[in-house]
Amino acid sequence: MNDFKALSEAISKGDINKAVAETKSALEAGISAQDILNQGLIATMNEVGDRYSKGLIFVPQMLRSAKTMQECTKLLKPYFQEGDVVSKGQVLMGTVRGDLHDIGKNLVSMMLEGAGFTITDLGVDVAPEIFVEKVREVEPDIVGMSALLSTTMPAMADTIEALQKAGLRKKVKIMIGGAPVTERYAQKIGADAYGSDAGSAVTRAKELLGIDRSEE
Amino acid sequence: MKALKADTFEPRLKVLNRDQAWAIHEAALEILGKTGVRMEHRGALEMLLDAGAESSEGGWVKLPASVVEKALESAPRQIDLYDQQGNEAMCLTNGNAYYGTGSDATFTLDLESGERRRTVLKDVANFARLVDGLENMSFAMSMANPDDVPVESIYVYVFAEMVRNSSKPIVFIADSGNDIARIHDIACQVASGEENLQRKPFLLNYSEAISPLRFPQNVMEKLIFCAEHRVPICLPSGSNAGGGAPVTLAGAMAIGIAENLVGLTVHQLAGKGAPFLFGPNCSVLDMKSTVVSYGCPEWSLTQAALADMRDEIYGLPIWAFAGASDAKVMDAQAGAEAMFSIVTALLSRANLIHDVGFLEYGNTSSLEMVTMADELVAMSRFFTRGIPVNQETLALDAIQRVAGGGPGSIFLLDDHTFEHFMKAQFLPRLLDRSRYDSWNEAGAADLYRACNTEARRILSEHQVAAKPDGVLAEIDRIVKAG
Ligand code: B12
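Residues numbered from 1 in each chain as written. Chains lettered and ligands numbered in written order. Predicted model: local features only at pLDDT ≥ 70, side-chain atom pairs only at ≥ 80, totals over all residues. Heavy atoms only, no water.

### Considerations on the layout of surface pockets
A probe matching the size of a water molecule, rolled over the atoms, marks out where space remains unfilled.
Residues and elements named next belong to chain B.
Then, number 1: In this structure, the second largest pocket occupies an estimated 1,100 Å³ of space.
Then, number 2: Lining the second largest pocket we find 31 residues, and of these Phe-382, Met-422, Lys-423, Ala-424 and Gln-425 sit closest to its centre.
Then, number 3: Among the elements of the structure, α12 (367-384), α15 (415-424) and α17 (447-461) are those that each provide at least two residues to the lining of the second largest pocket.
Then, number 4: Tallying contributions element by element places α15 first for the lining of the second largest pocket, with seven residues.
Then, number 5: Taken together, the residues that form the lining of the second largest pocket break down as twelve nonpolar, nine polar and ten charged. (1 Å grid on protein atoms, 1.4 Å probe; cavity = no way out; pocket = protein on both sides within 12 Å on 5 of 7 lines; lining within 4 Å. Points joined across faces, edges and corners; volume = space filled by probe spheres on them. Helix = DSSP H or I, 4+ residues; strand = E, 2+ residues; numbered from the N terminus. Nonpolar A, V, L, I, M, F, W, Y, C, P; charged D, E, K, R; others polar.)

### Things to note about a nonpolar patch on the surface
Residues and elements named next belong to chain B.
Then, number 1: Together, Ile-387, Val-389, Leu-394, Leu-396, Ile-399 and Phe-411 make up a nonpolar patch on the protein surface, roughly 530 Å² of accessible area in all.
Then, number 2: Along the chain, the position of Leu-396 falls in helix α14 (residues 396-403).
Then, number 3: Owing to a relative accessible area of 46%, Leu-396 belongs among the partly exposed residues under this scheme. (Patch = residues over 30% accessible without salt bridge, like charges linked within 9 Å, V, L, I, M, F, W, Y side chains within 5 Å. Areas by Shrake-Rupley, 256 points an atom, 1.4 Å probe, with all protein chains shown as cover. Salt bridge = Lys/Arg side-chain N within 4 Å of Asp/Glu carboxyl O. Buried < 20%, exposed > 50% of the residue type's maximum accessible area, 1.4 Å probe, protein only.)

### Some remarks on the nonpolar core
Then, number 1: Core analysis: the biggest nonpolar cluster contains 144 residues, and Tyr-99, Phe-159, Ile-257, Leu-261 and Leu-352 of chain B have the highest contact counts within it.
Then, number 2: Take this core: its biggest share by element is eleven residues, from helix α9 (residues 249-270) of chain B.
Then, number 3: Not counting chain neighbours up to four residues away, the residues in contact with Ile-257 of chain B comprise Ile-24, Ala-28, Phe-278, Pro-280, Leu-306, Met-309 and Tyr-314 of chain B.
Then, number 4: Counting residues in each nonpolar core, the second largest holds 42 residues, with Val-59, Val-108, Phe-117 and Val-202 of chain A among its members. (Core = buried A, V, L, I, M, F, W, Y, C linked by side-chain atoms within 4.5 Å. Contact = heavy atoms within 4.5 Å.)

### Regarding the site of the ligand
Then, number 1: Close to the ligand lie 47 residues; Leu-100, His-101 and Ser-150 of chain A together with Glu-208 and Gly-362 of chain B are nearest.
Then, number 2: With respect to the ligand, the side chain of Ser-146 of chain A contributes an N or O atom lying 2.8 Å from a nitrogen atom.
Then, number 3: Contacts to the ligand include Thr-106 of chain B, whose side-chain N or O atom sits 2.7 Å from a nitrogen atom.
Then, number 4: Top contributing element to the shell around the ligand by residue count: helix α5 (residues 103-114) of chain A, with four residues. (Near = heavy atom within 4 Å. Polar contact = N/O pair within 3.5 Å; in protein donor to acceptor, adjacent residues only side chain to side chain.)

### Looking at the coordination of the cobalt atom of the ligand
Then, number 1: Exactly one donor from the protein chain reaches the cobalt atom of the ligand: His-101 of chain A (NE2), at 2.3 Å.
Then, number 2: With respect to the helices and strands, the residue His-101 of chain A is situated in the loop between β1 (89-95) and α5. (Donors = N, O, S within 2.8 Å, 3.2 Å for Na, K, Ca; no water.)

### Points about the environment of Ala-338 of chain B
All names here are of chain B.
Then, number 1: Topologically, Ala-338 is positioned in helix α11 (residues 332-347).
Then, number 2: Distance from Ala-338 to Ala-373, taken between C-alpha atoms, is 7.0 Å for residues 35 residues apart in sequence.
Then, number 3: In this structure Ala-338 touches Gly-323, Ala-324, Met-369, Met-372 and Leu-376, once residues within four positions along its chain are discounted.

### Let's talk about the interface of chain B and chain A
Then, number 1: Tallying the contact residues gives 16 residues for chain B and 14 residues for chain A.
Then, number 2: Contact between chain B and chain A buries roughly 1,300 Å² in total, counting both sides, with carbon and sulfur atoms accounting for 67%.
Then, number 3: Put simply, chain B and chain A have zero salt bridges between them.
Then, number 4: Taken together, chain B and chain A are joined by five residue pairs in polar contact (both at pLDDT 80 or more).
Then, number 5: Split into classes, the residues belonging to the side of chain B that touches chain A amount to five nonpolar, eight polar and three charged. (Buried area = accessible area lost by both parts, 1.4 Å probe.)

### Observations regarding the packing of aromatic side chains
All names here are of chain B.
Then, number 1: A complete count under the given rule lists nine aromatic pairs over all chains for this structure.
Then, number 2: Where Tyr-206 meets Trp-319, the ring centres are 4.5 Å apart and the plane angle is 50°; that geometry is what we call tilted. Of this pair, Tyr-206 sits in strand β10 (residues 203-206) while Trp-319 sits in strand β14 (residues 319-321), and the two are 113 residues apart along the sequence. Across this residue pair, the class does not change: Tyr-206 and Trp-319 are buried.
Then, number 3: Through a chain of ring-to-ring contacts, three or more aromatic side chains come together here, namely Tyr-294, Trp-299, Phe-321 and Phe-358.
Then, number 4: In this structure, Arg-116 packs its charged tip against the face of Phe-107, placed 3.7 Å from the ring centre. (Phe/Tyr/Trp six-rings, centres within 6.5 Å; stacked < 30°, edge-to-face > 60°. Lys NZ or Arg CZ within 6 Å of the ring centre and 35° of its normal.)

### So, helix α2 (residues 16-28) of chain A
For the α-helix, the turn length of 3.6 residues means that residues three or four positions removed from each other point alike.
Residue and element names in this part refer to chain A.
Then, number 1: Between its terminal C-alpha atoms α2 stretches 18 Å, which fits the 18 Å expected from 13 residues at 1.5 Å a residue.
Then, number 2: Taken residue by residue, α2 has Ile-16, Ala-19, Val-20, Thr-23, Ala-26 and Leu-27 as its buried positions. Along α2, the residues classed as buried sweep out an arc of 125° about the axis, all on the same side. Facing away from the buried side of α2, by more than 90 degrees, are the exposed residues Asn-17 and Glu-28.
Then, number 3: For α2, the secondary structure elements touched by its buried residues are α1 (5-13), α3 (33-53) and α4 (59-76).
Then, number 4: Trailing α2 by a residue or two, Gly-30 shows a phi angle of about 85°, which is positive. (Expected span 1.5 Å × (residues − 1). Arc of directions from axis to C-beta.)

### A few points about the domain arrangement of chain B
Then, number 1: For chain B, the assigned domains read domain 1 (73-385 + 470-480) and domain 2 (396-424).
Then, number 2: Each of domain 1 of chain B and domain 2 of chain B was reduced to a C-alpha centroid, and the two centroids are 46 Å apart. (Domains from an automatic or database assignment.)

### Section: the state of the cysteines
As used in these notes, a disulfide is a covalent bond between sulfur atoms, one from each of two cysteines.
All names here are of chain B.
Then, number 1: Evaluation of the coordinates by the stated rule reveals zero disulfides over all chains.
Then, number 2: For Cys-188, which is in no disulfide, the shortest distance to another cysteine sulfur is to Cys-226 and amounts to 12 Å.
Then, number 3: When its relative accessible area of 14% is taken as the criterion, Cys-188 is described as buried. (Disulfide = S-S within 2.5 Å.)

### Concerning a negative patch on the surface
Then, number 1: Residues Glu-392, Asp-397, Asp-415 and Glu-419 of chain B make up a contiguous surface patch of negative charge.
Then, number 2: Within the secondary structure, Glu-419 of chain B sits in helix α15. (Lys, Arg positive; Asp, Glu negative; His and termini not counted. Charge placed at Lys NZ, Arg CZ, Asp CG, Glu CD.)

### Section: the pairing of strand β4 (residues 79-82) of chain B
All names here are of chain B.
Then, number 1: Where β4 lies against strand β5 (residues 88-92), four bridges are found, and the strand directions are antiparallel. The residue of β5 that forms the bridge with Ile-79 is Leu-92.
Then, number 2: The loop that links β4 with its antiparallel partner β5 comprises five residues; one of these, Gly-86, has a positive phi angle of about 90°. (Pairing = 2+ DSSP bridges.)

### Quick look at the pairing of strand β3 (residues 142-146) of chain A
Residues and elements named next belong to chain A.
Then, number 1: The element β3 is extensively covered by neighbouring structure, given that five of its five residues are classed as buried.
Then, number 2: As defined by bridge partners, β1 adjoins β3 across five bridges and the pair is classed as parallel. Counterpart to Gly-94 in the pairing with β3 is Met-145.
Then, number 3: Relative to strand β4 (residues 173-177), β3 runs parallel, the two sharing five bridges. In the sheet register, Met-145 faces β4, and the bridge partner there is Ile-176.

And the structure:
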């Protein structure tokens, strides 16, 4: 096991310069990019996420750590070979048709990114057809849908139906969220998971893909 | 002897000085001139370009100050809202403040069980009737986004339900140019024709632009519809500090005001002189829970600041919030947050103050909370009237009589007390001041239970002025026409 203490501290504090320097010196010391990613970056972000969930730190601090981590990840990219597992999974995110609220969705995307997922963000007012088209194109592991209006919640069901019709439903996991959405509603429309906030979105996403924390 | 008399100072809150007010305004103009906005409605975009705005890449448009200033000049300084019988109800200008409920709560606290449950159309009826029966609630909003009506026509159903259950002015939501036209049809029925409705409007539309700086098609449809039909409208955006806007309050206000100025400009171009209620919603995004708060001091502070900017710069009546909370039940937190925003809104002389009775950051509505707020508004109104100082209130004669009246002489028995006590004191109806034993014997009810009982009483006893059968039938027809 390598010593990532200084790197970890820099990420926790959101000190981008220091973290980048630490990442560089780890690479120079011959530590593999995969180890730096898993044991250094992602492990730290998991801790940061936990501290946020416990109310020990605030959202901007957590997001700054995520940003710091992403800057470090960029340095690792050239070292990865095809076949290396660099992403926890592909997530396709969007606010559903008729709905223009995006702050919650953006926050969920950022948190997932911080936890090692790759995000394709479709924006707001995304019609079921667009979800279908993009699922074909991106082949995500998870489709995330956000709705803040009770009047736009049915668009989530419509999207699931559209995916079904296109024969794509079984190829993806579906996760939904937003203030009026409930666990019950998720079950009713046949979504695979519901997340009440950005933190639980990460937990649910990992569960959906069978990512066990002890494996990380 | 000197005349014992003085003008009454009515306590008033000021939170910005002149320089601060102008600096925020200048910043708003700079946002419009440098960053510009995304105008997604073709007609509105053309109007702006014709008026002197410049288009820039990717559908963005920049507005020079001169274009905006024209709109500020032509918008009326006063908006009069009437009740549904055509009587004067709200004179929105300068220091006049009016409270009312909020719109689309997903849940409500059930009056019978106390449980939080999904809202239905009957809740809209109950809240409208309660508002109708409460002295200090001046206008109705839906307080529910009901689960049991067709989704495409939800705002039409909700509006009709408010009309059936209240005579007070209505602040309403619509989705687009389509349903707002149907809602307008209903309003014309109530007012016996569009001409009457324009002369004595009883409604105001609440639409929202999208922070940061985005103006979607459907929102502009509503804005233009209102301008053309002279339906009063407000267009606050979600410029919440840390969410749709910068985390610092000055920046959040600057962007929220910039967005409002764009709305106002399009509005005045579409209907010069049409009534527009000014003001953004500048709450905060809570940095732990990430909810947009409905109980924070920041929202009260930014709207107090807006009131100062109104007095200093804009002169237009303003939109505000109060009487809401982030608490999940009507507890001490709910009372504290409600009172904080209610009294500061009045002290800063906000004009149209909505969201009274919301819990859980706007997700849940509560009839008890509205009932409590009614009393808190009364308390605040008492406070902001100040202390009249004159011969009668100084009461030197009474002092002479009682003090010189020998043993057993008390103020309570003096005529001066009898004549003045109703006005001189705030007489609570729900806040409990009974002695311990009588409180205990009467069931030891806390304020939540007292408000529950009072809300039930009003709902069962209060009579809403009936509308003619013909009007009600027409409304039914419009609602069902779909
Ligand atoms: C800000 C806001 C706006 C802004 C949005 C700006 C933007 N860029 O997003 C503006 C002003 C544009 C707006 C407009 C409207 N709004 Co609005 N808005 C809000 C408000 C105040 C906060 C929402 C927010 O940003 N919260 C902060 C974020 C971080 O939290 P969040 O969105 O809940 O997201 C978290 C979770 O829900 C979850 N989550 C979210 N998405 C997802 C997705 C997945 C996959 C997962 C797992 C989790 C997840 O995680 C997120 C992070 O923790 C809420 C009330 C409130 N306090 O919640 C009303 C509210 C949502 N709006 C409402 C309404 C009615 C409207 C309008 C119709 C109002 C009008 N007069 O026109 C319009 C509709 C516009 C449209 N067609 O979409 C109602 C909805 C009621 C209902 N049951 O339908 C609310 C509840 C207010 C109310 N009580 O009336 N709004």
